[in-house]
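Read off the chains here:
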Amino acid sequence: MSHDHKIERSLPWTLIGVFVFFMLAVAVTLISPRFVDPTWTHETSHYQKQLYEFGDGRVFISNSVTGTYDLQFVNWLEEGKTLTAFVENERQKIVAPEALKSYITKENEPIKLTSHLLLLKSPGDIYKAEVEKIQVELKKSFIKSQPEWEKKGLSIPAFDVFELYEPKEKEAFATSSTAGNIEDYIDQNFLLVEEQEVKAPGYFFARNPLEYRVKEVETPIGKGFRYSPQGRSIASLEDLKKLGFWSRKDLIEYGERIYAIEGCWYCHTDQTRTLVQDVVLNGSDSYPAPPSSAGEYIYQNVTFPGTRRIGPDLSRTGVKRPSRDWHRSHFWSPKTASPGSVMPSFQHFFDDDPRGTPGSKAGVPNLRFEAIYQYLMTKGTRITSPSQAWWLGKDPVKTKEIIEGLDR
Ligand code: HEC
């Protein structure tokens, strides 16, 4: 029985050993990354933070029935939380009461921003004469710049005149010109109208926000609504959500769940490795793509780096394939978009379209489609701001040299 005695004596040491190794493992996996490499725990750029934390929560998207396939984008503006710019160009002018004139950026001026809540709308009656005068002038200067316009088969473009005004409430809803790919960011080169400290990121940026008003419309596939200057204005966020709007942030999170549920990760990876084949395939014609960094994923609840590539890597899809139309036809029928594709079609991302003629039965994209599309559009688009993007020549990790064999 002397054996048993020996085992009992070593038991405390065994337990201490197990405990020490356990704590060591915890320290290595949870604590040390914070000290090892900041890119593991921090966003890759201020731009990424600005989009995820401010931009996406303030962009609302609805694909409710409008009689067309158009998406409706609305920005949620709040006093003190948004920066706006009101910029004129040769097609678009702004009228305003004397007190607000200083907020308008004329053509060729550096962009002026304000954190004060201001908005554009269709000009009121008191501006009628002024607007007509501006329209005539714009038309004249177009004809002057294109004297041969009739011969060339050009038509006189539409000129817009808007009124700048101050909404009574502390929040407002504005249509956004963005077409799916969000590019709201604040460049270094701006001028703030008020003397005030502005910390960017930390603000949502909207250029020429136009008051969002809706009008109910009848379409062949049921009741819907769309933007109309004569429609009713949106009073609150609840009001907007009742129309079926989702914030872009919510769509992205839903898209991430769909990616998991549908098993996209079974055939696709979400990582650009440092290997030549990855950075070239995921890059543009002239520049390789930057390899993935850990910071790119910090806003995801689940990451899908993946191990198998039955289909192409998706970590730069937002840059490589930004077109919503392309993804629409690809999810509806991958074989028509890429002949020979083994990707299954995802027709439950679409609702039936009773207008569809037997020859072309394409469905109407539903919420699942918008969610997976918005999720895919975050891939690769958030590394740097559009003004300094890698596909414009930025080469952050010398991938070009690596490809040309100058650097290993
Ligand atoms: C059975 C494997 C498989 C599954 C599952 C799958 N795909 Fe694919 N996917 C492919 C293949 C193969 C291609 C390349 C041919 C093509 O474009 O269809 C592809 C292409 C793509 C492309 C175009 C990429 C590019 O750069 O050209 C996207 C985007 C995409 N898939 C997204 C998805 C999403 C999102 C899901 C889940 C909802 C998914 N795929 C599920 C196999 C798959």
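Residues numbered from 1 in each chain as written. Predicted model: local features only at pLDDT ≥ 70, side-chain atom pairs only at ≥ 80, totals over all residues. Heavy atoms only, no water.

Student: Before we move on, can you summarise the site of the ligand with the specific residues and values?
Tutor: Neighbouring the ligand are 22 residues; Cys-264, Cys-267, His-268, Ser-341 and Met-343 lie closest to it. One of the side-chain nitrogen or oxygen atoms of Lys-320 is found 3.2 Å away from an oxygen atom of the ligand. Here an oxygen atom of the ligand sits 2.5 Å away from a polar atom, N or O, in the side chain of Ser-341. When residues in the shell around the ligand are grouped by element, the largest group, four residues, is from helix H8 (residues 324-332). Across the shell around the ligand, the residue classes tally to twelve nonpolar, seven polar and three charged. (Near = heavy atom within 4 Å. Polar contact = N/O pair within 3.5 Å; in protein donor to acceptor, adjacent residues only side chain to side chain. Helix = DSSP H or I, 4+ residues; strand = E, 2+ residues; numbered from the N terminus. Nonpolar A, V, L, I, M, F, W, Y, C, P; charged D, E, K, R; others polar.)

Student: Account for the pattern of salt bridges, naming residues and giving values.
Tutor: Tallying each qualifying case throughout the model produces 19 salt bridges. In this structure, Asp-313 engages Arg-309 in a salt bridge whose closest nitrogen and oxygen atoms are separated by 3.6 Å. Among the residues examined, Asp-313 registers a relative accessible area of 7% and is labelled buried. Within the structure, one salt-bridge network assembled from shared partners comprises Arg-273, Asp-278, Arg-309 and Asp-313. (Salt bridge = Lys/Arg side-chain N within 4 Å of Asp/Glu carboxyl O. Buried < 20%, exposed > 50% of the residue type's maximum accessible area, 1.4 Å probe, protein only.)

Student: Which residues make up the coordination of the iron atom of the ligand, and what values do they have?
Tutor: For the iron atom of the ligand, the full set of protein donor atoms is His-268 (NE2) and Met-343 (SD), at a range of 1.9 to 2.1 Å. Between the six donor atoms coordinating the iron atom of the ligand, the angles at the centre fall across 88 to 178°, so the site counts as octahedral. Remark: Met-343 occurs in the loop between helix H9 (334-337) and strand E17 (350-351) and His-268 occurs in the loop between helix H5 (248-261) and helix H6 (276-281); sequence separation between them is 75 residues. Under the relative-accessibility criterion, His-268 is labelled buried at 11%. On the accessibility criterion, Met-343 (18% relative accessible area) is buried. (Donors = N, O, S within 2.8 Å, 3.2 Å for Na, K, Ca; no water. Tetrahedral: all angles 85-135°; square planar, octahedral: opposite > 155°, others 65-115°.)

Student: How would you summarise a nonpolar patch on the surface if you had to cite specific residues and measurements?
Tutor: On the surface, Trp-13, Ile-16, Phe-19, Val-20, Phe-22 and Met-23 cluster together to form a nonpolar patch covering roughly 690 Å² of accessible area. If you trace the backbone, Phe-19 turns up in helix H1 (residues 2-36). Take Phe-19: its relative accessible area is 52%, and that puts it in the exposed class. (Patch = residues over 30% accessible without salt bridge, like charges linked within 9 Å, V, L, I, M, F, W, Y side chains within 5 Å. Areas by Shrake-Rupley, 256 points an atom, 1.4 Å probe, with all protein chains shown as cover.)

Student: How would you sum up the sheet that holds strand E14 (residues 222-227)? Please name residues and give values.
Tutor: Here three strands make up an open sheet; going across it, the order is E14-E13-E15 and the pairing antiparallel. With one partner strand each, in any of the chains shown, E14 and strand E15 (232-233) form the two edges of the open sheet. Here strand E13 (residues 213-219) pairs with E14 via six bridges, running antiparallel. Its bridge partner lying in E14, Lys-215 is registered against Arg-226. (Pairing = 2+ DSSP bridges.)

Student: Describe the nonpolar core, naming the residues involved and giving the relevant values.
Tutor: Core analysis: the largest hydrophobic core is formed by 31 residues, its most contacted members being Leu-77, Tyr-259, Phe-331, Phe-349 and Ile-372. Put simply, the parts of the chain that give this core at least two residues each are strand E1 (59-62), strand E2 (72-78), strand E9 (171-175), strand E11 (204-207), H5 and helix H10 (367-376). Among residues more than four places away in sequence, those in contact with Tyr-259 are Cys-264, Trp-265, His-268, Thr-269, Phe-304, Leu-314, Ile-372 and Tyr-375. (Core = buried A, V, L, I, M, F, W, Y, C linked by side-chain atoms within 4.5 Å. Contact = heavy atoms within 4.5 Å.)

Student: Provide a residue-level description of the side chain of Arg-58, including the pertinent values.
Tutor: Mapped onto the fold, Arg-58 is located in helix H2 (residues 46-58). Its relative accessible area of 10% is what places Arg-58 among the buried residues. If sequence neighbours within four positions are ignored, Arg-58 has contacts with Val-74, Asn-75, Trp-76, Leu-77, Glu-78, Lys-81, Thr-82 and Phe-204.

Student: Please provide a residue-by-residue account of the side chain of Asp-313, values included.
Tutor: By secondary structure assignment, the location of Asp-313 is in the loop between H6 and helix H7 (317-320). A polar side-chain atom of Asp-313 sits 2.6 Å from a polar atom in the side chain of Thr-269. A polar contact is formed between the side chain of Asp-313 and the side chain of Ser-315, at a distance of 2.5 Å. Ignoring sequence-local partners within four residues, the contact set of Asp-313 consists of Thr-269, Asp-270, Gln-271, Thr-272, Asn-282 and Lys-320.

Student: Explain unusual backbone geometry to me, using residue names and the numbers behind them.
Tutor: The backbone of Asn-108 sits at a positive phi, close to 65°, despite the residue not being glycine. Position of Asn-108 relative to the elements: it lies in the loop between strand E5 (104-105) and strand E6 (112-114). Of note, Asn-208 is a non-glycine position whose phi angle comes to about 45°, a positive value. In this fold, Asn-208 is placed in the loop between E11 and strand E12 (210-211).

Student: Can you lay out the confidence of the model for the protein chain for me, pointing to particular residues and giving the numbers?
Tutor: Interpretation of the predicted coordinates at a detailed level should be avoided for regions scoring low in pLDDT. With 82% of its residues at a pLDDT of at least 70, the protein chain reaches an overall mean of 84. Within the protein chain, no element has a lower average pLDDT than helix H11 (residues 399-403), which sits at 58, and none a higher one than H5, at 97. (pLDDT = per-residue confidence, 0-100.)

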